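Chain and residue survey
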Amino acid sequence: MNENLPPCPKCSCEYTYEMNALVVCPECGHEWVPAESGADAGGPAERVVRDSVGNVLTDGDTVVVVKALKVKGSPSGIKAGAKVRNIRLVDGVDGHDIDCRIDGFGAMQLKSSVVKKG
């Protein structure tokens, strides 16, 4: 048995064990890769979101849609060149990592690959 296994980061249980490449906590069932815990100890890894051109996006930026987008349930889509103000970066589903409000459409999520900073 390996004595150098880290305690569980969720419940601090010291009875963790290895299962393949993961470390498992028997008390709370949390599974993690041991290398991740070392990266977290050095500081929080910040997620970088880039637009279609490669510029880094941050919360509150204004972006421009670079290609026409179809919107379900709407006869007209979002036209290329539409400005979107005050974006918010989120961990979205299927690559939709921008939460925003578009005039005429309301709140929606966009992919960072279809916008550019502007």
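Scroll up a little and you will see the structure.
Residues numbered from 1 in each chain as written. Predicted model: local features only at pLDDT ≥ 70, side-chain atom pairs only at ≥ 80, totals over all residues. Heavy atoms only, no water.

For the protein chain, the helix and strand inventory stands at one helix and eleven strands. For the protein chain, the residues scored as buried account for 27% of the 118 residues in total. In the protein chain, the share of contacts with a sequence separation of at least 24, taken over all contacts with a separation of at least 6, comes to 35%. Carbon and sulfur atoms make up 49% of the accessible area of the protein chain, which amounts to about 8100 Å² in all. (Helix = DSSP H or I, 4+ residues; strand = E, 2+ residues; numbered from the N terminus. Buried < 20%, exposed > 50% of the residue type's maximum accessible area, 1.4 Å probe, protein only. Contact = heavy atoms within 4.5 Å. Areas by Shrake-Rupley, 256 points an atom, 1.4 Å probe, with all protein chains shown as cover.)

Here three strands make up an open sheet; going across it, the order is 8-9-10 and the pairing antiparallel. The strands lining the two open edges of the sheet, one partner per strand, are strand 8 (88–89) and strand 10 (106–111). Here two bridges tie strand 8 to strand 9 (residues 96–102), and the two strands are oriented antiparallel to one another. Counterpart to L89 in the pairing with strand 9 is I98. (Pairing = 2+ DSSP bridges.)

Judged by nonpolar contacts, the single largest core of 17 residues is most densely connected at L57, V84, I87, I98, C100, L110 and V115. Elements represented by at least two residues in this core include exactly strand 6 (63–65), strand 9 and strand 10. For this core, the element with the highest residue contribution is strand 9, accounting for three residues. Aside from chain neighbours lying at most four places away, what touches L110 is L69, V84, G95, H96, D97, I98, C100, I102 and V115. (Core = buried A, V, L, I, M, F, W, Y, C linked by side-chain atoms within 4.5 Å.)

Within the fold, D99 resides in strand 9. In this structure, the C-alpha to C-alpha distance between D99 and R88, residues eleven residues apart in sequence, is 5.1 Å. In contact with D99, other than residues within four places in its own chain, are I87, R88, V90, M108 and Q109. At 2.4 Å, the side chain of D99 forms a polar contact with the side chain of R88. (Polar contact = N/O pair within 3.5 Å; in protein donor to acceptor, adjacent residues only side chain to side chain.)

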